[in-house]
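So you can see what is in the structure, the chains are spelled out below.
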Amino acid sequence: MELKNISFCETNCYNVCSNSFKEELLKQITDNYGICLTDKSIRVYEPSRHQHVLYRKPYVMSIKSIGNTYYIYLTKTNGVNSCFLIDKKILKGYSYPRIILVKCRFCEQLFSGTLIEGDLINANQGWKLLLGDLLVYKNNDIRQNGFAKRFSLLSHIFTKLYQPDQYLSPCSMFVKKYFPYNQQGQQQLLKQLNHLDYKAQGICFTIEDDYKPSFLVFLENRTKNHQAKINKVTKILTRKDNVNINANVDIKIERDNTHKPHGHNEMELNSQLVTPIKLLDTVNKNPNPSGAAQNISFTFKITKTSTPGIYQLFCLKVGKIIKHSIARINGLKCLNFVKNLLKTERDEALVICYYDTEFKKFIPNMVSGKIKPDEYTDIIYCTHEKM
């Protein structure tokens, strides 16, 4: 296995460079468990096609971050316990995804073959891996066990079979929060949205008793086409289930005995539960939701150039400072912020910049609390689909 030392989540890790080893590792996952890591696990909610789906079976809700999806794969390489982080996305021009060898303190028994899905996010308090689903547990494909059972085992792993170590692991790991798709669950989800320390992309609806791709409702519509689909919605039939999802090893599912049959009056059903679109409207009307979707952001070093009003952005590449791009100054407020920051006695500063998808440039927004810029490869991976 050919490895190269790289900066990953602001720590030193090992990038797997050998395509032959990547092919062998991915083939192992496909042959042993029938899982293709690049298959879609999320589909965009389209009211015209899916308006009846969410009341047929029980669903749970969660917040989808803007982070990249990664898989934790615990296995043995030549008899040695190995923890791989596998990127779900394959960049254009590459045949295989990025695979990082990291060190984490998992229990020995999990290295017989365990596969966990999560999102890597750059939160205000540092890098986090937010774990959302367990696909393979101790060499057993458990996708057909139902989400409640998979979530129980996932919670059990990070309660009993994992030891956090800030000096060993590249980032902190947390189990994602899920909420029942009922009135109380929606209130809890909205409350969490207002207290996030990372940016949210949308709300996911995951079927509770099966393994199928989740539905994603964007917090901010990204295209006119998607906006048009949202505007076509009038109502969605809903249900009155009470799904109790918690962090215990045994997740109990309780049903309300007053559950109405599918043919019941639609107006009565709709009055019981806020639909995904109405829930979306509630979120977007919040004046300052800290978790509301925004443009992707990274930390850059910013300096003056020989031309007034033009500022250079720098990032890291394999630990070295390199030029990245010219900052986009999108108004007087932004210009004054940068000018005041880079006064005559200060030639450079670290700033958080948001990615402008229209101009494909980064806009300086605020002073960063980090001690160094972000890594070039992370910036490319997160902005590639938007560029």
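Since the model is a prediction, treat every value here as computed from it, not as a measurement.

(A) Highlighting the overall build of the protein. Secondary structure summary: the protein contains 9 helices and 23 strands in total. The buried share among the 387 residues of the protein stands at 51%. Carbon and sulfur atoms make up 48% of the accessible area of the protein, which totals about 19,600 Å².

(B) Local environment of the pairing of strand E15 (residues 200-207). Burial analysis of E15 places 8 of its 8 residues in the buried class, which makes it a mostly covered element. Direction of pairing for strand E4 (residues 59-65) relative to E15: antiparallel, over a ladder of 7 bridges. When the bridges of E15 are listed, Ser 65 appears paired with Ala 200. Here E15 runs beside strand E16 (residues 214-218); their pairing, made up of 4 bridges, is antiparallel. For Ile 203, the partnering residue across the bridge sits in E16 and is Val 217. In sequence, E15 turns back onto E16 through a hairpin of 6 residues.

(C) Representation of the sheet that holds strand E19 (residues 297-304) in the model. Taken together, 5 strands build an open sheet; the order of strands is E21-E20-E19-E22-E23 and the sheet is antiparallel. Of all strands in the sheet, those bounded by a partner on one side alone are strand E21 (320-326) and strand E23 (361-367). Across the sheet, the mean angle from the axis of one strand to that of its neighbour is 50 degrees, orientation sign disregarded. Relative to E23, strand E22 (residues 348-356) runs antiparallel, the two sharing 6 bridges. Its bridge partner being in E23, Val 351 is matched across the sheet by Val 367. In the packing of helix H8 (residues 332-341) onto the sheet, the strands contacted are E19, strand E20 (311-317), E22 and E23, and the crossing angle to E23 comes to about 60 degrees.

(D) Examining helix H4 (residues 183-193) more closely. Among all positions of H4, only Gly 185, Gln 186, Leu 189, Gln 192 and Leu 193 are buried. Buried residues in H4, looked at end-on, bunch into an arc of 125 degrees, giving them a common side. Within H4, the exposed residues directed more than 90 degrees away from the buried face are Gln 184, Gln 187 and Lys 191.

(E) Up close: helix H3 (residues 147-160). Between its first and last C-alpha atoms H3 spans 20 Å; for 14 residues at 1.5 Å apiece the expected length is 20 Å, and the two agree. Within H3 the residues assigned to the buried category are Phe 147, Ala 148, Arg 150, Phe 151, Ser 152, Leu 154, Ser 155, Ile 157 and Phe 158.

(F) Broad picture of the packing of aromatic side chains. Evaluated as defined, the whole model comprises 12 aromatic pairs. Summarising the aromatic geometry, the rings of Tyr 181 and Phe 205 are spaced 5.3 Å apart at their centres and angled 80 degrees between planes, so their arrangement reads as edge-to-face. In this pair, Tyr 181 sits in the loop between strand E14 (179-180) and H4 while Phe 205 sits in strand E15, placing the two residues 24 residues apart along the sequence. Just as Tyr 181 is buried, Phe 205 falls in that class too. Through a chain of ring-to-ring contacts, the aromatic side chains of Phe 298, Phe 300, Tyr 355 and Phe 362 assemble into a single cluster.

(G) Quick peek at the pairing of strand E2 (residues 11-16). Note: strand E1 (residues 3-8) against E2, 6 bridges, orientation antiparallel. Counterpart to Asn 5 in the pairing with E2 is Tyr 14. Connecting the antiparallel pair E1 and E2 is a turn made up of 2 residues, with Cys 9 showing a positive phi of about 55 degrees. Judged from the 2 bridges that link them, E2 and strand E7 (residues 99-102) form a sheet pairing that is antiparallel. Residue pairing across strands places Tyr 14 opposite Leu 101, the latter belonging to E7.

(H) Structural detail: the pattern of salt bridges. Following the criterion strictly, the structure yields 11 salt bridges and no others. Between Asp 31 and Lys 27 there is a salt bridge whose closest N-O contact spans 2.6 Å. Highlighted residues: Asp 31 and Lys 27, both in helix H1 (residues 19-33), separated by 4 residues, approximately one helical turn. A salt bridge links Asp 141 to Arg 143; the nearest nitrogen and oxygen atoms lie 2.8 Å apart. Owing to a relative accessible area of 15%, Arg 143 belongs among the buried residues under this scheme. Within this structure, Glu 10, Lys 370 and Asp 374 form a network of salt bridges that share partners.

Scoring rules and cut-offs
Residues numbered from 1 in each chain as written. Predicted model: local features only at pLDDT ≥ 70, side-chain atom pairs only at ≥ 80, totals over all residues. Heavy atoms only, no water. Helix = DSSP H or I, 4+ residues; strand = E, 2+ residues; numbered from the N terminus. Buried < 20%, exposed > 50% of the residue type's maximum accessible area, 1.4 Å probe, protein only. Areas by Shrake-Rupley, 256 points an atom, 1.4 Å probe, with all protein chains shown as cover. Pairing = 2+ DSSP bridges. Axes fitted to C-alpha atoms, helices over the stretch in contact; angles between N-to-C directions. Contact = heavy atoms within 4.5 Å. Arc of directions from axis to C-beta. Expected span 1.5 Å × (residues − 1). Phe/Tyr/Trp six-rings, centres within 6.5 Å; stacked < 30°, edge-to-face > 60°. Salt bridge = Lys/Arg side-chain N within 4 Å of Asp/Glu carboxyl O.

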